[in-house]
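Understanding the architecture of this molecule
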Amino acid sequence: MIEYLRKVYPKSQEQLFTLLYQNLTEQKKVFLVTANPETMMNGYRNVEYDELLKDKKTLIIPDGIGVVKMAQRIGNPVPNRITGVHTVQKLLHFGNKNELSAYFYGSKPEVLKKFSSILKKDYPNLKVAGMVDGYHYKDDEVMQDALKKQPDLVFVALGIPRQELLIHRYFEQFSKGVFLGVGGSFDVLSGFKKRAPKAFIQLNCEWLYRLIKEPYRIKRFYNNNMKFIWLTKKEMKGNH
């Protein structure tokens, strides 16, 4: 866990977005992983995921408050959360302003349909290079199509760990672009799922709101969040 936490982006949200805009302007490429405890636990349980988290080219951003707090505990001065949803919004805004192209893969057909109309209305200058739902399991076909189109932005909403593993497998073949596994961001941005109320967000308690709304997540929360904290503390003790 400590090795992952040392790699978490240690600067502010504004500095991250400046870096991403610079990458887009200079047509460089970057692979962002939005990290919460579940992300870290996937690295612990899955060899391929462990490799992608440790890869120098992967930029880990702190999506969960647990990651922020534990990074601080090991001496990485991470100032605050940088959420996936907000990062997607910022990239779409920048893409619209600069007439960039974007590729969207994942989520349900009905979510994408609604999301597509929101993109047309709110981001009219953004070029949609591709939009494919995540329910036909033709990952390689979709990525081959994206490769042909070489978009500036690639958003993959297939859930952890599938989305990051897929990006990592193809990342080297692309010549440019910002790549991001976005989980349920399309659901939130299309209005299918409500984001936590402002008070929960400001108190860094979105996880609590999610547990109240979806109690079936409690087991998942324990298996990831609690174990992540326990393993990090255990490693910290072992390092003393």
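Above: the structure in question.
It should be emphasised that the depicted structure is a prediction, and the values quoted were computed from it without experimental measurement.

Attention shifts here to the sheet that holds strand β1 (residues 29-35). Reading across the sheet, the 6 strands line up as β2-β1-β6-β5-β3-β4 and stay open at both edges, with parallel pairing between neighbours. Edge positions in the open sheet fall to β2 (58-62) and β4 (127-132), since each of these has one partner strand only. In this sheet, neighbouring strand axes are inclined to one another by 15° on average, regardless of whether the strands run parallel or antiparallel. In this fold helix α6 (residues 84-97) packs onto β1, β2, β3 (101-106), β5 (153-157) and β6 (177-181), with an angle of close to 150° to the strand it touches most, β5.

For helix α2 (residues 13-25), built from 13 residues, the straight-helix expectation of 18 Å at 1.5 Å per residue is met to within 8% by its first-to-last C-alpha distance of 18 Å. Those residues of α2 not exposed but buried are L16, F17, L20, Y21, N23 and L24. All buried residues of α2 lie within an arc of 160° about the axis, which places them on one face of the element. Counted as exposed and oriented over 90 degrees from the buried face of α2: E14 and T25. Check the buried side of α2 and you find it contacts β1, β2, α6, β5 and β6. Remark: Q27 follows α2 within two positions and exhibits a positive phi of approximately 55°.

Right, let's talk about the packing of aromatic side chains for a bit. Counted according to the given criterion, the structure contains 9 aromatic pairs. Aromatic pair F17 and Y21: ring centres 6.5 Å apart, planes at 20°, arrangement stacked. Residue F17 and its partner Y21 are located together in helix α2, separated by 4 residues, close to a single helical turn. Residue F17 shares its accessibility class with Y21, and that shared class is buried. Ring plane angle 25° and centroid distance 4.9 Å describe the contact between F115 and F186, whose orientation is recorded as stacked. In this pair, F115 is assigned in helix α7 (residues 109-122) and F186 in helix α10 (residues 185-189), connecting sequence segments 71 residues apart. Assigned by exposure class, F115 and F186 land together as buried.

Cut-offs and rules
Residues numbered from 1 in each chain as written. Predicted model: local features only at pLDDT ≥ 70, side-chain atom pairs only at ≥ 80, totals over all residues. Heavy atoms only, no water. Pairing = 2+ DSSP bridges. Helix = DSSP H or I, 4+ residues; strand = E, 2+ residues; numbered from the N terminus. Axes fitted to C-alpha atoms, helices over the stretch in contact; angles between N-to-C directions. Contact = heavy atoms within 4.5 Å. Expected span 1.5 Å × (residues − 1). Buried < 20%, exposed > 50% of the residue type's maximum accessible area, 1.4 Å probe, protein only. Arc of directions from axis to C-beta. Phe/Tyr/Trp six-rings, centres within 6.5 Å; stacked < 30°, edge-to-face > 60°.

From the geometry alone we can't say anything about function, so treat these as descriptive.
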